[in-house]
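Geometric and topological summary
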Amino acid sequence: MTVTVEDVSVRVGGRDLVHRVSLEVAEGEMLALAGPNGAGKSTLLRTLYRARRPTGGRVLLDGEDVWRMPARRLARRLAAVLQESGGDFELSVYDVVAMGRTPHKRAFDGDDATDRAIVADALERLDLAGLAYAPFDRLSGGEKQRALIARALAQRPATMVLDEPTNHLDLRHQLDALNLVRGLGVTAVVALHDLNMAAAFCDRVCVMDAGRVVALGTPADVLTPALLAEVYRVDAEVAIHPETGVPQVSLRTGGSRLTN
Ligand code: ADP
Ligand code: MG
């Protein structure tokens, strides 16, 4: 599905958390959302999965306004992986992942064989088969994050919105999670702090700062030393990886001459 963000603003208490953002994510495209803390990434993502209504503009899925769509219809099309939610579920990992099937069932329907197969597959792909019956609350941060990704996978959506899905994950699981989303071929919008991961997995990178889009393009076009200095106030070098051809950012960590 295509995701169209059309002149979206989110204004709270006289302040624009998101200011007139427009972008289009093509069918099957993976778009990284980057930018410093407080840039408005999570707020923008919330407007996509309908947790915050834009105060201006529209969000469209294949041309249809998500804010006019019945909740269930949206849930069949779009899954969100949010930053690790507090453990108020007294549920097993299996139960949490099985919640992803809800939009595909009628009220009071149990899990049928297809649902169970889809949940088992999602658990397997997130390396959680051995933890299926563990209480979700007791998992480590990274395991919880993987369970929430597995739940989104079980939802079998055409579009995924992920807010820092690799937080808490070790390197192997970061690569696995991003490879997995990439391999699904779904349209994905993913907030990522790690610019090297963004460059390696995403078709384009959108950089936000102070609620605005300040750069949008391919990783090679966007991730320049000048942009990194301006937006993140870091002194960085960008080199093309000799084997993968992916731009890779390395920081000069010595002084803090850019902070003053
Ligand atoms: P990011 O995800 O890029 O770190 P957020 O979208 O979470 O940024 O936040 C953007 C800005 O909006 C921050 O300055 C944050 O403090 C502020 N903010 C977030 N939610 C609210 C809210 N409900 N009311 C007021 N300010 C908020
Ligand atoms: Mg955020």
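In short, a report on the structure.

Conventions we followed
- Residues numbered from 1 in each chain as written.
- Chains lettered and ligands numbered in written order.
- Predicted model: local features only at pLDDT ≥ 70, side-chain atom pairs only at ≥ 80, totals over all residues.
- Heavy atoms only, no water.
- Near = heavy atom within 4 Å.
- Polar contact = N/O pair within 3.5 Å; in protein donor to acceptor, adjacent residues only side chain to side chain.
- Areas by Shrake-Rupley, 256 points an atom, 1.4 Å probe, with all protein chains shown as cover.
- Helix = DSSP H or I, 4+ residues; strand = E, 2+ residues; numbered from the N terminus.
- Pairing = 2+ DSSP bridges.
- Salt bridge = Lys/Arg side-chain N within 4 Å of Asp/Glu carboxyl O.
- Buried < 20%, exposed > 50% of the residue type's maximum accessible area, 1.4 Å probe, protein only.
- 1 Å grid on protein atoms, 1.4 Å probe; cavity = no way out; pocket = protein on both sides within 12 Å on 5 of 7 lines; lining within 4 Å.
- Points joined across faces, edges and corners; volume = space filled by probe spheres on them.
- Nonpolar A, V, L, I, M, F, W, Y, C, P; charged D, E, K, R; others polar.
- Phe/Tyr/Trp six-rings, centres within 6.5 Å; stacked < 30°, edge-to-face > 60°.
- Contact = heavy atoms within 4.5 Å.
- Axes fitted to C-alpha atoms, helices over the stretch in contact; angles between N-to-C directions.
- Core = buried A, V, L, I, M, F, W, Y, C linked by side-chain atoms within 4.5 Å.

Overview of the site of ligand 1
- With respect to spatial proximity, the complete set of residues near ligand 1 consists of Val12, Arg15, Leu17, Pro36, Asn37, Gly38, Ala39, Gly40, Lys41, Ser42, Thr43 and Arg52.
- Contacts to ligand 1 include Gly38, whose backbone N or O atom sits 2.7 Å from an oxygen atom.
- Measuring from an oxygen atom of ligand 1, one finds a side-chain N or O atom of Ser42 at 2.8 Å.
- Against a free-state accessible area of 570 Å², the protein chains account for coverage of 64% of ligand 1.
- Elements supplying a minimum of two residues to the shell around ligand 1: β2 (15-25) and α1 (41-48).

Let's talk about the pairing of strand β4 (residues 56-61)
- Two strands pair when backbone bridges link them, and strand β1 (residues 3-12) and β4 are joined in this way by 5 bridges, in the antiparallel orientation. Residue pairing for β4: Val5 is matched across the bridge by Val59.
- By the bridge criterion, 2 bridges tie β4 to strand β5 (residues 64-65) in an arrangement that is antiparallel. By the bridge assignment for β5, Leu61 is matched with Glu64.

Re the pattern of salt bridges
- Scanning the model with the defined rule gives 13 salt bridges in all.
- In this structure, Asp16 engages Arg11 in a salt bridge whose closest nitrogen and oxygen atoms are separated by 2.9 Å.
- Judged by its relative accessible area of 46%, Arg11 is partly exposed.
- Residue Asp235 pairs with Arg252 through a salt bridge whose shortest N-O separation is 3.0 Å. Of this pair, Asp235 sits in the loop between α9 (225-232) and β11 (236-240) while Arg252 sits in the segment after β12 (247-251), and the two are 17 residues apart along the sequence.
- If you follow the salt bridges from partner to partner, you end up with Asp121, Arg125 and Arg156 in one network.

Observations regarding the layout of surface pockets
- Roughly 350 Å³ of internal volume is contained in the largest pocket.
- At the level of elements, α2 (71-77), β6 (78-81) and α5 (141-154) are the ones that each hand at least two residues to the lining of the largest pocket.
- Here the element with the most residues in the lining of the largest pocket is β6; it accounts for 3 residues.
- The class makeup of the residues in the lining of the largest pocket is 10 nonpolar, 4 polar and 1 charged.

Overview of the packing of aromatic side chains
- If you walk through the whole model with that rule in mind, you get 1 aromatic pair.
- Arranged with centres 5.9 Å apart and planes meeting at 10 degrees, the rings of Tyr94 and Tyr133 form a pair that is stacked. In this pair, Tyr94 is assigned in helix α3 (residues 93-98) and Tyr133 in the loop between α4 (113-125) and α5, connecting sequence segments 39 residues apart.
- By relative accessible area, Tyr94 is classed as buried at 14%.

Some points on the pairing of β12
- Taken together, the 5 bridges between β11 and β12 define a ladder with antiparallel strand orientation. By the bridge assignment for β12, Ala236 is matched with Leu251.
- Here β11 folds back onto β12, and the loop between the two strands holds 6 residues, one of which, Gly245, carries a positive phi near 75 degrees.

Remarks on the sheet that holds β1
- Taken in spatial order, the 4 strands make up an open sheet running β2-β1-β4-β5, and their pairing is antiparallel. One side of each edge strand has no neighbouring strand; the edge strands of this open sheet are β2 and β5.
- Seen against the sheet, α1 touches β1, β2 and β4 and runs at an angle of roughly 120 degrees to β1.

Thoughts on the nonpolar core
- Counting residues in hydrophobic clusters, the biggest one holds 55 residues, and the most contacted among them are Met30, Val93, Val97, Leu123 and Val207.
- Here the element with the most residues in this core is α5; it accounts for 7 residues.
- Among residues more than four places away in sequence, those in contact with Val97 are Val119, Ala122, Leu123, Ala147, Ala150, Arg151 and Ala154.
- Core analysis: the next-biggest nonpolar cluster, separate from the first, contains 29 residues, Val8, Tyr49, Ala80 and Ala191 among them.

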